[in-house]
Amino acid sequence: LLAFDYCIERGPMPTLKRWRQRLRGEAHRRTLQAPSGQKLPGGSALLTAALASGDLFMWSQDSRRAQWGDDLRFPEGRTFEDMATLPRLLLRVRSAWHEPEPWVHYRRRDDSVTGVMSAVKVADLSRSLVGVRDLLPPPGTPAADAARFALAHQAARNLWAAQRHARRLAPPEAQRLHAQAQTDFRAALGDDLPLLWRGYLQRGWLWRAWRLRQALR
């Protein structure tokens, strides 16, 4: 698999907001948090490196056609299909190469498919990682535990995002999606919730631990 970096471009915006986007690192986004210019291991280590980047985009990866099969397809009729598919692809890749230069300029628009959220799209985001944990190696090794924590943290980020978007909808629908996001989060984690709590505390991520506790209430 070949992974390459990218940059995010946006339309006209006030100077202050543009500088804020630059501070977020949108001028150069890494696809993998891993060494560049050398062969990298695939599987759970590659998934951990991709999740650590904060974004999962299929178009920033180039894979062999042989990696795909009837058991690996984009889910039809769903948004956030990259997040549902890319982790499964990375887990079956045996090796990878990271190119640190931005090869793609990604134009992010406020009226894009994922820029304008709906109840259906919130549900797609919420359930995108369900089932990935079952493909990870058993816990007990540093590499396996790192992958499980990275996946659990991404599931927490999805939970926060889904609930944030749900709050903008009408109350009955918002309440339903809020509860559904909690259910999908627990389904994505299985019994790895203690691992996530422990990882937050060990890293000093107290704000994220508090935020997760509020989201699960």
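Residues numbered from 1 in each chain as written. Predicted model: local features only at pLDDT ≥ 70, side-chain atom pairs only at ≥ 80, totals over all residues. Heavy atoms only, no water.

### Remarks on unusual backbone geometry
Residue F80 is not a glycine yet carries a positive backbone phi of 55 degrees. Within the fold, F80 resides in the loop between β3 (61-62) and α3 (81-92). (Helix = DSSP H or I, 4+ residues; strand = E, 2+ residues; numbered from the N terminus.)

### What about the packing of helix α7 (residues 193-203) against helix α8 (residues 206-215)?
For the pair α7 and α8, the least separation of the axes is 8 Å and the interaxial angle reads 145 degrees. As α7 packs across α8, the resulting crossing turns out to be left-handed. Contacts from L193, L196, W197, Y200 and L201 in α7 reach L206, R208, A209, L212 and R213 in α8. Split by residue class, the contact of α7 with α8 holds eight nonpolar, no polar and two charged. (Axes fitted to C-alpha atoms, helices over the stretch in contact; angles between N-to-C directions. Left-handed = near helix turned anticlockwise from the far one by under 90°. Contact = heavy atoms within 4.5 Å. Nonpolar A, V, L, I, M, F, W, Y, C, P; charged D, E, K, R; others polar.)

### A closer look at the packing of aromatic side chains
Inspection of every chain in the model, using the stated rule, returns 11 aromatic pairs. When the centroid spacing of 4.8 Å and the interplanar angle of 40 degrees are considered together, the rings of W59 and Y106 count as tilted. With W59 in the loop between α2 (44-52) and β3 and Y106 in strand β4 (residues 95-107), this residue pair connects regions lying 47 residues apart in the sequence. The exposure class assigned to W59 is partly exposed, which follows from its relative accessible area of 30%. The interplanar angle of 85 degrees and the centroid separation of 6.0 Å between the aromatic rings of F149 and Y200 together place this pair among those described as edge-to-face. You can see F149 sitting in helix α5 (residues 142-166) and its partner Y200 sitting in helix α7, a full 51 residues away along the chain. In textbook terms, an aromatic cluster arises when at least three aromatic residues are bridged by ring pairs, as seen for Y6, F57, W59 and Y106. For the cation-ring pair, R203 lies above F149, with the distance from its terminal atom to the ring centre recorded as 3.8 Å. Across the ring face of W205, the terminal group of R208 is positioned such that the distance to the ring centre comes to 4.3 Å. (Phe/Tyr/Trp six-rings, centres within 6.5 Å; stacked < 30°, edge-to-face > 60°. Buried < 20%, exposed > 50% of the residue type's maximum accessible area, 1.4 Å probe, protein only. Lys NZ or Arg CZ within 6 Å of the ring centre and 35° of its normal.)

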